[in-house]
Amino acid sequence: MGFEHEGSKQRFLVVGDNHGDAESLKTVVEETAGEKFDFVIHTGDITDAYHRGVDTAADQLRSLEPLFETLAERGELVYIYGNRDSERGGDSHVTDRYELSPGTHLPSGDSVKVAGQRFTADPDAVTAGDVLVTHGQFPTPFYKFEGRAYFCGHTHRGWHRGRALNAAHLKNVRKGYLGAYFIVTVDDSSLDVECYGIDEPWKAVECPDHNWVGTQYQPAKFGCRLCKFGEAESLRDVAWAAYTLHVDDPGEEAIDATDLMTQALSLLDGSDQFEEQFRGYINALLEQPGPHDPLQPSDGHPTRLVPRSW
């Protein structure tokens, strides 16, 4: 059992992707003064070793440590590292130079228990009551999660669906803009999500044309991302999740287009709106596989999507 107190509510402060920036995390500390949380979660990319090197990243970690110490006084701190916490190539990690002292580090692919709550970073190890924390967004648990809550980051896109939340970013250092943090109340049946922009208001976007993706979070001046940039990327994630759920050996087996559609509809709870959009996506892939085909191998072999009964 991942959580020892069934029926209880838990309050989470969820942040991620500050990429070594202290000011955005300081804003979170200041704006949550006087608040109490059961847990404070950081979804990774605490530093920017990827672009700046591990020595600079270690300095960033030292400068962030007092802020983490303050947050750890408000709730049990659980954190993971992301891809930016390693140098380009992955040979050196910020922790080769410095380790945070407050909180509990959840290693990649591992599990820990903190204050009666089991946290795991392994999507395949989730049991009822677990909280899954990963840096990257795994499509299958994001669309259909069987645990208590799933928190992730990396994409810089705030997004809530079911029991899963992508915590966007605190600061996109490369592009120079600030993001948001989240306060989440979790009980046995739902996640109640509040979003707070760092330097401007953020809002929840529930698009009538794309309600199957759930709730998007972004600056108040913007609308639905799928309406602006297209549906293909999100449909690709659903296609891969449906494929991995249907076959025994993902990456090797082919799947019939009809089977992919059936599995995807099961994943998305049978949305008519989604069915129309996903059907158009499959037709486009069957006509000409391209960069948004998750079943197109990188080795140049044909797509593993086949039209046997389509």
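So, here is what we can say about the structure in this document. Please read these numbers as outputs of a predicted model, since none were measured by experiment.

## With respect to the sheet that holds strand 10 (residues 164-166)
Here comes step 1: Spatially, 5-6-7-8-10-9-16-15 is the arrangement adopted by the eight strands of the open sheet, whose pairing is mixed. The sheet is open, and its two borders are formed by strand 5 (111-114) and strand 15 (202-205), each paired with just one other strand. Pairs of neighbouring strands in the sheet enclose a mean axial angle of 20°, with direction left out of account.
Here comes step 2: Pairing of strand 9 (residues 158-161) with strand 10 involves three bridges; the strand directions are antiparallel. Residue pairing across strands places Arg-161 opposite Ala-164, the latter belonging to strand 10.

## A word on the pairing of strand 8 (residues 149-152)
Here comes step 1: Of the two faces of strand 8, both are covered, the one formed by Ala-149 and Phe-151 as well as the one formed by Tyr-150 and Cys-152.
Here comes step 2: Alignment of strand 7 (residues 131-133) against strand 8, held across three bridges, turns out to be parallel. Within strand 8, the residue paired with Val-131 across the bridge is Ala-149.
Here comes step 3: When strand 8 meets strand 10, the two strands line up parallel, connected through three bridges. The partner of Tyr-150 across the bridge, within strand 10, is Ala-164.

## Observations regarding unusual backbone geometry
Here comes step 1: Despite not being glycine, Asp-17 shows a phi value in the positive range, around 55°.
Here comes step 2: Among the structural elements, Asp-17 can be located in the loop between strand 1 (10-15) and helix 1 (22-31).

## Here we look at the pairing of strand 6 (residues 117-120)
Here comes step 1: Sheet topology note: the strand 5/strand 6 ladder contains four bridges and is antiparallel. What sits directly across from Ser-111, in strand 6, is Thr-120.
Here comes step 2: Where strand 6 lies against strand 7, two bridges are found, and the strand directions are parallel. In the sheet register, Phe-119 faces strand 7, and the bridge partner there is Val-131.

## Things to note about the layout of surface pockets
Here comes step 1: Considering only enclosed or pocket space, the largest pocket measures out at about 930 Å³ in volume.
Here comes step 2: Lining the largest pocket are 35 residues, and of these Thr-155, His-156, Arg-157, Arg-225 and Phe-229 sit closest to its centre.
Here comes step 3: When residues of the lining of the largest pocket are traced back to their parent elements, those giving at least two are strand 9, strand 12 (177-178), strand 16 (215-219), helix 5 (225-229) and helix 6 (232-246).
Here comes step 4: If you tally residues by element for the lining of the largest pocket, the top one is helix 6, at five residues.

## Notes on the state of the cysteines
Here comes step 1: In the structure shown here, the tally under the stated rule is zero disulfides.
Here comes step 2: Lacking any disulfide linkage, Cys-152 is separated from the closest cysteine sulfur, that of Cys-195, by 14 Å.
Here comes step 3: Unpaired in this structure, Cys-207 has its nearest cysteine sulfur neighbour in Cys-227, at a distance of 3.6 Å.

## Description of the packing of helix 1 against helix 3 (residues 54-74)
Here comes step 1: For the pair helix 1 and helix 3, interaxial distance at closest approach is 10 Å and the crossing angle is 25°. Of the possible angle classes, the one that applies to helix 1 and helix 3 is roughly parallel. You can see that helix 1 and helix 3 cross each other, and the crossing is left-handed. Facing helix 1, whose interface residues are Ala-22, Leu-25, Lys-26, Val-28 and Val-29, helix 3 presents Leu-64, Leu-67, Phe-68, Thr-70, Leu-71 and Arg-74.
Here comes step 2: Class assignment for the residues of the contact of helix 1 with helix 3 results in eight nonpolar, one polar and two charged.

## A closer look at helix 6
Here comes step 1: With 15 residues, helix 6 should reach 21 Å at 1.5 Å per residue; the first-to-last C-alpha distance of 21 Å fits that figure.
Here comes step 2: Of the residues making up helix 6, those classed as buried are Ser-234, Leu-235, Val-238, Ala-239, Ala-241, Ala-242 and Tyr-243.
Here comes step 3: Close packing links the buried residues of helix 6 with helix 4 (139-143), helix 5, strand 17 (255-256), helix 7 (257-267) and helix 8 (272-287).

Rules used in this analysis
Residue positions are given per chain, counted from 1 along the sequence in the order it is written. Totals for whole chains, interfaces and linings use every residue, but because this is a predicted model, local features are given only for residues with pLDDT of at least 70 and side-chain atom pairs only at 80 or more, for both listing and counting. Values shown for side chains rest on all heavy atoms present in the structure; no hydrogens or waters enter the calculation. Two strands form a pair only when DSSP identifies at least two bridges running between them. Per the convention used, a helix needs a DSSP run of H or I reaching at least four residues, while a strand needs a run of E reaching at least two, with both numbered from the N terminus. Inter-axis angles, ranging from 0 to 180 degrees, are taken between N-to-C directions of lines fitted to C-alpha atoms, where helices are fitted over the stretch in contact. Partly exposed residues are those whose accessible area sits between 20% and 50% of the maximum for their type, while under 20% is buried and over 50% is exposed, using a 1.4 Å probe and protein chains only. A 1.4 Å probe that fits but cannot get out identifies a cavity on a 1 Å grid over protein atoms alone, an open set with protein on both sides within 12 Å along at least five of seven lines counts as a pocket, and a residue lines either if it has an atom within 4 Å of a point. Grid points are joined across faces, edges and corners, and a volume is the space filled by probe spheres set on the points. By definition, disulfides here are pairs of cysteine sulfur atoms that lie within 2.5 Å. Working rule for angles: under 35 degrees goes down as roughly parallel, over 145 as roughly antiparallel, 65 to 115 as roughly perpendicular, anything else as oblique. Handedness of a helix crossing follows the sense of rotation of the near helix relative to the far helix, less than a right angle counterclockwise being left-handed and clockwise being right-handed. Contacts are assigned to residue pairs with any non-hydrogen atoms lying within 4.5 Å of each other. For this classification, the nonpolar set comprises Ala, Val, Leu, Ile, Met, Phe, Trp, Tyr, Cys and Pro, the charged set comprises Asp, Glu, Lys and Arg, and every other residue, Gly included, is treated as polar. One less than the residue count of a helix, multiplied by 1.5 Å, gives the span that helix is expected to have.

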